Amino acid sequence: MKGSISKLRERASWLREEINRHNRAYYVFNKPVVSDFEFDLLLHELQAIESKYPQLVTSDSPTRRVGSDLKNESQSREFERVPHKTPMLSLSNTYNKNELFAFDQRVRKATSNSISYTCELKIDGTAISLIYENAKLIKAVTRGDGSIGDDVTSNVRQIKGIPLELSDKKGPTDFEIRGEIYMSWESFDKLNHKRAEKEEPLFANPRNAAAGSLKLLDPGATKTRSLSVLFYSVSNCEEFFRDHYNALQWAMKAGFPVSDHLRKFDNIEDVVDFIEDWELKRAELPFPIDGMVVKVNDYSVQNQVGFTSKFPRWAVAYKFKAQRVTTNLISVDYQVGRTGAVTPVANLKPVLLAGTVVKRASLHNEDQMNLLDIHIGDTVYVEKGGEIIPKIVDVDLSKRNKEAVHAVFPDKCPDCGTSLMKIENEARHYCPNSSGCPMQIKGRLLHFTSRKAMNILIGEATIEQMFNLKYLNSIADFYSLSKEQLLELDGWKEKSAERLLKSLEESKNRPFENVLFALGIRHVGENTAKLLVRNFQSIDNLINASEEQLLEVPDIGETVAFSVVNYFSDNVNLSIIKRLKTAGLNFSVRSEKSFIKSEKLKDLSFVVSGLFSISRDKLKSIIEQHSGKNVSNITGSTSYLIAGDKMGPAKLEKAKKLNINILSEKDFFDLIK
Ligand code: IVH
C-alpha cells in the first residue's frame, strides 16, 4: 500500500505540473497544445486521486483554482488589475449524460422546493464582467485568476452591442453582468487569412483569437477584430428578479445581447433532450460552442444548493467532444523542411470539419504512424485539437481492407536519397545532407526572404527558377545577383530586376535579430533569436559561446543550446556568415541603422529600466526611431524614466527625488501614438 501511495503521489504531482502547463498555454499564451477533452481527462484523474486520498491534496493544486489569464510577475503588466466583487468561478463539467441525472439528484437532495432549470449554449470564447453604476458602464474586467482580473474597459467599449449607458432606468442601474466575448467562425477565418498573408502566426481557434484580441494594447486594434458578446448572468439584482431566466429577459430588453437559444425546463429529462438536439445542430451556429450549461433557475434554490471553492453546485456544463469526422486516407507525403526534418502528411478524401474542408492532416512522425498502425486506404478519424492542422487521432480497424498496405516511413530522404537519421530524444527523422538536399536549400532560401526574416520581395517560383539556374545555392548568393542575371529570367524586365535589387539593398538595414532568425538555425525561431540577440549582442559573441554559456540564459534549453553550437561549428555556415557580413548585413546590435519614423521625442532623454513585453533593446530602438535619446543614468536633465517590472528600487527612488516623470510601458506607447 505504501508503495502504491507514493506512486500516486508522484502521479498527482506530475498531473499538477501538466495541468498548470496546459492552463498557462491556454489562458496566458492563448495557444493550447491539447484538446479540452484531453485536458479534462487530466483534471478528472487528479480530482479522483485527491478525493480518494485527501492526504495527497496540496493547497496550490489546480483542482482548487480556476485557470488564470493573468501574466505572471516576471512578464510585463499591461492592464490595471481589478479585484472581482464576487469570484468569477468556473463550471464543473462532464462529457457523460448520466452525470446530468446525478446532478439533478444532488440538487433535489439539497432542497425541498420545486426545481426548474435553464439550459443555454456554452459559448467558446473568453469571460468578461461588466460593472454598471447609475446605468453607465464603468468597468470591464477579464476573469483573470477568478479573484482579480485585467481592466480591459477601453477595449470592451469597442465591441459592438455593449450598451455604454442604459436608456431604461426602471430596472437595476447598479449591477454586474457577466458574459462571453467570442469571435464568429467567419471573422475568425477572415482574421487568420489576413494573418497568413502577412506571415503572422495564426490563431488556433476562435477562442484564442477572441482572448488575444481582447488583450491588445491598442483599443483601435481590438475594434478591427470584430468581436461579439453574449451575456449569461446578472448579479446584484435579487431585489428585482427572483430567478436567472427573468434577469436575462430583462437584460435582453435593456439592450444586452443575450442568446435567444436560452430555454427553461421543469425536469432534467427535457434538459437532456434539448442538449441532444444541440449536439447535432451545433455545426449550424455561426460561432463556436463547446457544450451546454444547465443552471438551477431560482435564486433562492441556487443559494440553498451553494458553491464549492471552484464552482457553483447549482450549475453544470455538459461538454461536447472535439468535432471529429471520418474520412479515407489516400496517401502519405513525406515533406522535407528547411531544417531537414521529415514530416509525414496524410492526403485525405476531402471532408467538412468545424466549418472548413480538410484535405490534409498531420501524422507528426514515425512513432505516431506506428501507434496508429496506419494503412493506405484506412478509414481514419480526424479531429481539430489545439493546432491549426487537423490530426488523425484513430483508425477504424473494422473498415480496413484485407489487402491494405502498411504506410512505411522511408529510411532515405525522399528528395535527395541520403539515409535519414534520428537525433537522440527527438521523435523526428532528419536528412543530414543540409548543404546538398535541394528541398532543404530551397526551404532555407525561402525562409531567408520571408517577412519576419530579411523581408525580400521575391516569390517561391522565382527562387525555384534561380536555384535551377544555379544562381542561388546558399543564402549568401542573394547578394551576388547581378542585373544581367535577373534580366535572363522568364518575363523579367528592367523594372522587376531593379525592384528586387532595391529590396535586397534595403534588407541590409534589417536589425540583427531578424538576420539571426533568417539564418534558419534549427530551433531558433523569431523569439529565440530575439533572446539570443539580447543576451549576446553580436554574432562573434554567439559564435564563441559555449553550450554552458548558452544554457545560462533563462528560457534557453539544451535543444537550442546544442543546435546553436552545432550550427556555428560547421565551416560551411561560417563562410556563409562571412560573405553576408561582407555584403553589409547587421551582425550586431550596435551596427543597426535605426531609421527615423517621427520627431515626437526630439530633445527628450530616456532611462529604460526593468522588464517589458518587448526587449529593452527594442524599446530603446523605438525611442531612437522617434528621435529620442537613450541615457543610462538618471540625472536632473533626464526627461523620462520608463519603468518596467522588477526594476531596481534605487533608480525609482532617485527619479522621484529628482522629480523625473515616470512612465509605464503603456504611457510610453501613448506618448508616441
Ligand atoms: S455560467 C458560475 N454560462 O464557460 C458560473 N458560463 O467553463 C459561471 N461560458 O467561465 C459561468 N457560456 O466563461 C456560464 N452560458 C454560459 C456560458 C459560460 C460560456 C464560459 C464562462 C465560464 C466558463 C466555464
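Residues numbered from 1 in each chain as written. Predicted model: local features only at pLDDT ≥ 70, side-chain atom pairs only at ≥ 80, totals over all residues. Heavy atoms only, no water.

Student: Provide a residue-level description of the overall build of the chain, including the pertinent values.
Tutor: When its secondary structure is counted, the chain shows 24 helices and 22 strands. Here the C-alpha atoms of the chain give a radius of gyration of 29 Å, agreeing with the 26 Å that 2.2 N^0.38 yields for 673 residues. Counting only C-alpha atoms and orienting by the principal axes, one finds that the chain spans roughly 90 × 85 × 60 Å. Within the chain, buried positions represent 49% of all 673 residues. Expressed as a percentage of contacts within the chain between residues at least 6 apart in sequence, the contacts between residues at least 24 apart total 67%. Element-wise, carbon and sulfur atoms account for 49% of the exposed surface of the chain, whose accessible area totals about 33800 Å². The centroid of the 94 positive side-chain charges in the chain is displaced by 3 Å from the centroid of its 89 negative side-chain charges. (Helix = DSSP H or I, 4+ residues; strand = E, 2+ residues; numbered from the N terminus. Rg over C-alpha atoms; globule rule 2.2 N^0.38 Å. Buried < 20%, exposed > 50% of the residue type's maximum accessible area, 1.4 Å probe, protein only. Contact = heavy atoms within 4.5 Å. Areas by Shrake-Rupley, 256 points an atom, 1.4 Å probe, with all protein chains shown as cover. Lys, Arg positive; Asp, Glu negative; His and termini not counted. Charge placed at Lys NZ, Arg CZ, Asp CG, Glu CD.)

Student: Could you give an account of the sheet that holds strand β20 (residues 629–630), with specific residues and numbers?
Tutor: Sheet architecture is open: 4 strands sit in the order β20-β19-β21-β22, paired in parallel fashion. Of all strands in the sheet, those bounded by a partner on one side alone are β20 and β22 (661–663). Strand direction decides the pairing type here: strand β21 (residues 640–643) and β22, joined by 3 bridges, are parallel. Residue pairing across strands places Ile 642 opposite Leu 663, the latter belonging to β22. Of the strands in this sheet, β19 (605–609), β20 and β21 are in contact with helix α22 (residues 616–625), which crosses β19 at around 170°. (Pairing = 2+ DSSP bridges. Axes fitted to C-alpha atoms, helices over the stretch in contact; angles between N-to-C directions.)

Student: Outline the pairing of strand β11 (residues 315–319), listing residues and values.
Tutor: For β11, the buried fraction is high: 5 of the 5 residues fall into the buried class. Here 2 bridges tie strand β2 (residues 93–94) to β11, and the two strands are oriented parallel to one another. When the sheet's bridge partners are listed, Asn 93 is paired in β11 with Ala 317.

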